[in-house]
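# Per-entry structural report
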Amino acid sequence: MNITQTTKGENLISIKISVEKADYQETVENTLKQMRRRANMPGFRPGMVPMGMIKKLYGASAKMEVLNTLVSDNLNKYIFDNKLNVIGYPLSDLDNQQPNDLENQDDMDFCFEAAIRPEINIDYTNTMVDFYHIVPDEEDIQRAIDDMLERNPNTSHPETVGENDRLELKVREAEDDKELENGFQKDGLYIHMDQITNKTIRKKFIGKEVGAEFIVNLAKAFGSEEAVAKVLGDEAPVDSDYNIIIDDAIRNEKPELDEEFFEKVFPKQEVKDLDTFKAKVKGEMEKQFEAETDPILFNKMIDEIVAAAKFDLPDAFLKRWLVENSQGKVTAEEIEKNYEKDYVKGLRWQLIEDSIAQNNPELIVTDEEVKNFVLKQIFPGIDYATLEDDMKANLDKIAANYLKEDQQKEHLKNQLADIKMTQFLKGKMNINYAETNYKDFMKKLEEERK
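On a predicted model such as this, the values are computed, not experimentally measured, just so you know.

Attention now goes to the pattern of salt bridges. A complete count under the given rule lists 27 salt bridges for this structure. The salt bridge involving Lys371 is made with Asp396; its shortest N-O contact spans 3.1 Å. In this pair, Lys371 is assigned in helix α11 (residues 367–378) and Asp396 in helix α12 (residues 389–402), connecting sequence segments 25 residues apart. What makes Asp396 partly exposed here is its relative accessible area of 28%.

Next up, the structure:
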């Protein structure tokens, strides 16, 4: 066997694999012998079909199978041994490949075309991206604080029911102002006073002490039988009276903006006064805005770096490769029509991204990083490194279960790779930030999209 390589053009080579009969004959013979041992034909005992008949029936297909494996293995070995950094995978060389007669030809040539990844040098100093740094204004900050107050109420358990309390109840089906002995019962039922739409019955609840019990028609209290079924379940009689027992009243009240609340929102961060608290809120909002807008910035950086990196693509080869790689989903005509619009930028960025990652190994995403990325999404704020071993083991099981599907794992890996590449490019490229608030940023973004 002889393998030769010639240059066809910029970043394009031809690889010719010349195969002689001696390279494959023994393997073909062994393959046919195995076929004979398995052959079961009328008139012959199993394994005793004449070899001549086996060769006549299966000789060409066996030869083709052996040649395909032989050529493919040696092509891959040649690429590996010669450290050829190819794009995609080689295709048949339409300019040089001649038809092979498998039945009558002993020596054959197989020609392949391969695209070589271009050498890519990026001068980050010549890049410039205009973007925005979102600084929350007083209105944004106050809205965030109001939301924190809403999500972090002071909870108490008063002795008497107030008009905005949440109640834990026992309910017992009743008739003629008495509980039915075998009637419907439900414990641990939680309702909010707002669900009691009948004003007269609502007043009956307000001021009652925890532990009180009284008869109520819930359909009247909630305004409909459908509302009763939603609260008690479909198996409950919806038109009956019920004896209500108040087990607990839960009252959520808006907390004061004091040190206790500051510590609750920003634990162990020594926030002592309102100005410091607002500054912390502002800083956290800026981080959140940055994380939300980084994907938009990433796309702008990709546009800039693709335009700045100068290298040629073997377009004719890539168009053929795109058709074959689509598995019949697109035609050569569709690729030709949409190549510049839909494919070139993506192809160029993929080559640039691979080149950057090869030169900066820290950008390669590891399985450990994917696991930690998942845990931060499921348990935000948790410090994995400080946990006990048994807790770490439990979290590792949760992450492993979340990542057991290859498609899910690959999606998260790509997401994390984009985040790492975004941070890398932000540290390398020139970014001209203009300060704005969130509302104006959204207006500017909408204008750009138009």
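Below, the discussion takes up the nonpolar core. Phe277, Val281, Ile305, Trp349, Ile352, Ile356 and Leu425 are the most contacted members of the largest nonpolar core, which has 51 residues in total. If you list the elements that add at least two residues to this core, you get β5 (128–134), α3 (138–151), α7 (259–265), α8 (274–308), α9 (315–325), α10 (332–359), α13 (406–428) and α14 (438–449). Looking at this core element by element, the count peaks at ten residues for α8. Once you skip the residues sitting within four places of it in the chain, Trp349 turns out to touch Phe298, Ile302, Ile305, Val306, Met421 and Leu425. Ranked by size, the runner-up nonpolar core spans 28 residues in total, among them Ile13, Leu75, Leu102 and Ala114.

This paragraph deals with the packing of α8 against α10. Between α8 and α10, the least distance of the axes is 10 Å, while the angle of their chain directions is 95°. With respect to their mutual orientation, α8 and α10 come out roughly perpendicular. Of the residues in α10, those in contact with Phe298, Ile302, Asp303, Ile305 and Val306 of α8 are Lys345, Arg348, Trp349, Ile352 and Ile356. In terms of residue class, the contact of α8 with α10 is built from seven nonpolar, no polar and three charged.

Before going further, it helps to examine the pairing of strand β2 (residues 12–19). Of all the eight residues making up β2, seven are buried; the element is thus mostly covered by neighbouring parts of the structure. Judged from the seven bridges that link them, strand β1 (residues 2–9) and β2 form a sheet pairing that is antiparallel. Paired with Thr6 across the two strands is Ser14, which belongs to β2. Hairpin geometry of β1 and β2 is characterised by an intervening segment of two residues between the two adjacent antiparallel strands and by a positive phi of about 60° at Asn11. Sheet topology places β2 next to strand β4 (residues 108–115); eight bridges connect them, and they run antiparallel. Note that in β4 the partner of Ile13 across the bridge is Ala114.

What the four strands build is an open sheet, ordered β1-β2-β4-β3; its pairing is antiparallel. This sheet does not close on itself; its edge strands, each paired only once, are β1 and β3 (91–92). The sheet contacts of helix α2 (residues 51–81) involve β1, β2 and β4, and relative to β2 the element is tilted by about 135°.

A separate point is unusual backbone geometry. Positive phi is not limited to glycine here, since Asp176 has a value of about 55°. Along the chain, Asp176 turns up in the loop between β7 (166–175) and β8 (178–179). Located in the positive-phi region is Asp177, a residue other than glycine, with phi close to 65°. Looking at the element boundaries, Asp177 is found in the loop between β7 and β8.

Once that is clear, we can look at the environment of Phe277. One can find Phe277 in helix α8. Sequence spacing of Phe277 and Glu259 is 18 residues, and the spatial spacing of their C-alpha atoms is 9.3 Å. Residues contacting Phe277, with those up to four places away along its chain left out, are Ile145, Met148, Leu257, Phe261, Phe262, Val265, Phe266 and Val271.

Per the counting criterion, the structure on display carries twelve aromatic pairs. Measuring from ring centre to ring centre gives 6.2 Å for Phe131 and Tyr132, while their planes differ by 50°; the resulting arrangement is tilted. Looking at Phe131, the relative accessible area reads 4%, which means it is buried. Judged by centre distance (6.2 Å) and plane angle (75°), the rings of Phe131 and Phe441 are edge-to-face. Linking Phe131 in strand β5 with Phe441 in helix α14, this pair joins segments that are 310 residues apart in sequence. Taking relative accessible area as the criterion, Phe441 reaches 3% and is therefore assigned buried. Members of the aromatic cluster, each reached through a chain of ring pairs, are Phe261, Phe262, Phe266 and Phe277. Between Lys319 and the ring centre of Tyr339, over which it is positioned, the NZ or CZ distance is 4.9 Å. In this structure, Arg348 is placed above the aromatic ring of Phe311, and the distance from its NZ or CZ to the ring centre is 4.0 Å.

Let's shift gears to the environment of Lys83. If you trace the backbone, Lys83 turns up in the loop between α2 and β3. Assessed through its relative accessible area of 73%, Lys83 is described here as exposed. Expressed as a C-alpha distance, the spacing of Lys83 and Phe131, which sit 48 residues apart in the sequence, is 41 Å.

So, about the packing of α8 against α14. The interhelical angle for the contact between α8 and α14, taken along N-to-C directions, is 25°, at an axis separation of 13 Å. In terms of their interaxial angle, α8 and α14 are classed as roughly parallel. Judged by the twist between their axes, the crossing of α8 over α14 is left-handed. Facing α8, whose interface residues are Phe289, Glu292, Thr293, Ile296 and Lys300, α14 presents Tyr438, Phe441, Leu445 and Glu448. In terms of residue class, the contact of α8 with α14 is made up of five nonpolar, one polar and three charged.

Analysis parameters
- Residues numbered from 1 in each chain as written.
- Predicted model: local features only at pLDDT ≥ 70, side-chain atom pairs only at ≥ 80, totals over all residues.
- Heavy atoms only, no water.
- Salt bridge = Lys/Arg side-chain N within 4 Å of Asp/Glu carboxyl O.
- Helix = DSSP H or I, 4+ residues; strand = E, 2+ residues; numbered from the N terminus.
- Buried < 20%, exposed > 50% of the residue type's maximum accessible area, 1.4 Å probe, protein only.
- Core = buried A, V, L, I, M, F, W, Y, C linked by side-chain atoms within 4.5 Å.
- Contact = heavy atoms within 4.5 Å.
- Axes fitted to C-alpha atoms, helices over the stretch in contact; angles between N-to-C directions.
- Parallel < 35°, antiparallel > 145°, perpendicular 65-115°, else oblique.
- Nonpolar A, V, L, I, M, F, W, Y, C, P; charged D, E, K, R; others polar.
- Pairing = 2+ DSSP bridges.
- Phe/Tyr/Trp six-rings, centres within 6.5 Å; stacked < 30°, edge-to-face > 60°.
- Lys NZ or Arg CZ within 6 Å of the ring centre and 35° of its normal.
- Left-handed = near helix turned anticlockwise from the far one by under 90°.

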